[in-house]
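Fold and geometry: a report
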Amino acid sequence: MYRNWASDPEVTKYLTWPTHENPEVSRQVLLDWTEQYKDDTFYQWAIVPKELGEPVGSIGAVRLNEQAQLVHIGYCIGANWWHRGITSEAMQAVMDYMFDKVGVNRVESRHDPRNPNSGGVMRKCGMKFEGTLRQSDWNNQGICDASWYGLLAEERNLSKCVVDT
């Protein structure tokens, strides 16, 4: 985690958690995640390309609203693996899991418009752009706009993720 993504300020530039200053910070995050796995509604995964066999990013449910049957997904991946379709493949797998196994009706995500590649992942996976809320969010750059995407269960078979080859 530390080596492949969490220590890189370019990776964390538009995220809501700070760049890890040392491997101990990453270790503590992983210990916290491990503890949270006791909760059946905690969803956090490593992104591990088959050919590499080690984690290069993470993806998970940032927020789960059981009453509204929706999940908000967040993700990040190391810069060495950008633009390879890896994040889109992970996003599609998590979306399928959330719809098929968890039974959500809506999957949503957001990004800072200054990070358009993140929106590209959402579009590749069939999510629909729903609008940009001005100065409605915060990340490591400060107060920022948030571009929102969503997909409903009834829409999901109309468009599956297109993974770059």
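Time to look at the packing of aromatic side chains. Counted under the stated rule, the structure contains five aromatic pairs. Members of the aromatic cluster, joined through ring pairs, are Tyr 43, Trp 45 and Tyr 97.

In this section: helix α5 (residues 116–124). Where α5 is concerned, the buried positions are Ser 118, Gly 119, Gly 120, Val 121 and Met 122. On its buried face, α5 is in contact with β3 (70–77), α4 (86–102), β4 (106–111) and β6 (142–152). Looking one or two residues beyond α5, the residue adopting positive phi is Gly 126, at roughly 85 degrees.

With their axes 9 Å apart at the nearest point, α4 and α5 run at an angle of 45 degrees to one another. Our classification of the angle between α4 and α5 gives oblique. Here α4 and α5 pass one another in a crossing that is right-handed. Contacts between α4 and α5 involve Thr 87, Ser 88 and Met 91 on the former and, on the latter, Val 121, Met 122 and Lys 124. Class assignment of the residues belonging to the contact of α4 with α5 gives a composition of three nonpolar, two polar and one charged.

Okay, the pattern of salt bridges next. Overall, the coordinates contain ten salt bridges when judged by the stated rule. Close ionic contact of Glu 108 with Arg 106 constitutes a salt bridge, the shortest N to O distance being 2.9 Å. For the pair Glu 108 and Arg 106, one class covers both residues: buried. Across the pair Arg 114 and Asp 112 runs a salt bridge, and its minimum N-O distance is 2.7 Å. According to the relative accessible area criterion, Arg 114 is partly exposed, its value standing at 45%. Using a relative accessible area of 5% as the deciding quantity, one classes Asp 112 as buried. When salt bridges with common partners are traced through the structure, they connect Arg 63, Arg 106, Glu 108 and Glu 130 into a single cluster.

Counting 25 residues, the largest nonpolar core has Ile 59, Ile 73, Met 91, Met 95, Met 98, Val 107 and Met 127 as its most contacted members. When residues in this core are grouped by element, the largest group, seven residues, is from α4. The residues contacting Met 127, other than those within four sequence positions of it, are Met 91, Met 95, Val 107, Glu 108, Ser 109, Met 122, Tyr 149, Gly 150 and Leu 151. One finds Met 1, Trp 5, Leu 15 and Trp 33 within the second-largest nonpolar core, a separate group that totals eight residues.

Moving on, we get to the sheet that holds β4. Ordered by their spatial adjacency, six strands build an open sheet running β1-β2-β3-β4-β6-β5, and the pairing between neighbours is mixed. The two strands at the open ends of the sheet, each matched to only one other strand, are β1 (44–47) and β5 (128–139). Taken pair by pair, the neighbouring strands of this sheet meet at an average axis angle of 25 degrees, ignoring direction. Pairing between β5 and β6: eight bridges, direction antiparallel. Bridge assignment links Phe 129 to a residue of β6, and that residue is Tyr 149. Packing of α5 onto the sheet brings it into contact with β3, β4 and β6, and relative to β4 it is tilted by some 165 degrees.

The next thing to look at is the environment of Gln 141. Along the chain, Gln 141 falls in the loop between β5 and β6. Classification of Gln 141 as partly exposed rests on a relative accessible area of 39%. Sequence separation between Gln 141 and Thr 12 is 129 residues, and the spatial gap between their C-alpha atoms is 9.7 Å. Gln 141 has contacts with Lys 13, Tyr 14 and Arg 114, leaving out every residue within four places of it along the chain. Of the polar contacts made by the side chain of Gln 141, one reaches the backbone oxygen of Lys 13; its length is 3.2 Å.

Rules used in this analysis
- Residues numbered from 1 in each chain as written.
- Predicted model: local features only at pLDDT ≥ 70, side-chain atom pairs only at ≥ 80, totals over all residues.
- Heavy atoms only, no water.
- Phe/Tyr/Trp six-rings, centres within 6.5 Å; stacked < 30°, edge-to-face > 60°.
- Buried < 20%, exposed > 50% of the residue type's maximum accessible area, 1.4 Å probe, protein only.
- Helix = DSSP H or I, 4+ residues; strand = E, 2+ residues; numbered from the N terminus.
- Contact = heavy atoms within 4.5 Å.
- Axes fitted to C-alpha atoms, helices over the stretch in contact; angles between N-to-C directions.
- Parallel < 35°, antiparallel > 145°, perpendicular 65-115°, else oblique.
- Left-handed = near helix turned anticlockwise from the far one by under 90°.
- Nonpolar A, V, L, I, M, F, W, Y, C, P; charged D, E, K, R; others polar.
- Salt bridge = Lys/Arg side-chain N within 4 Å of Asp/Glu carboxyl O.
- Core = buried A, V, L, I, M, F, W, Y, C linked by side-chain atoms within 4.5 Å.
- Pairing = 2+ DSSP bridges.
- Polar contact = N/O pair within 3.5 Å; in protein donor to acceptor, adjacent residues only side chain to side chain.

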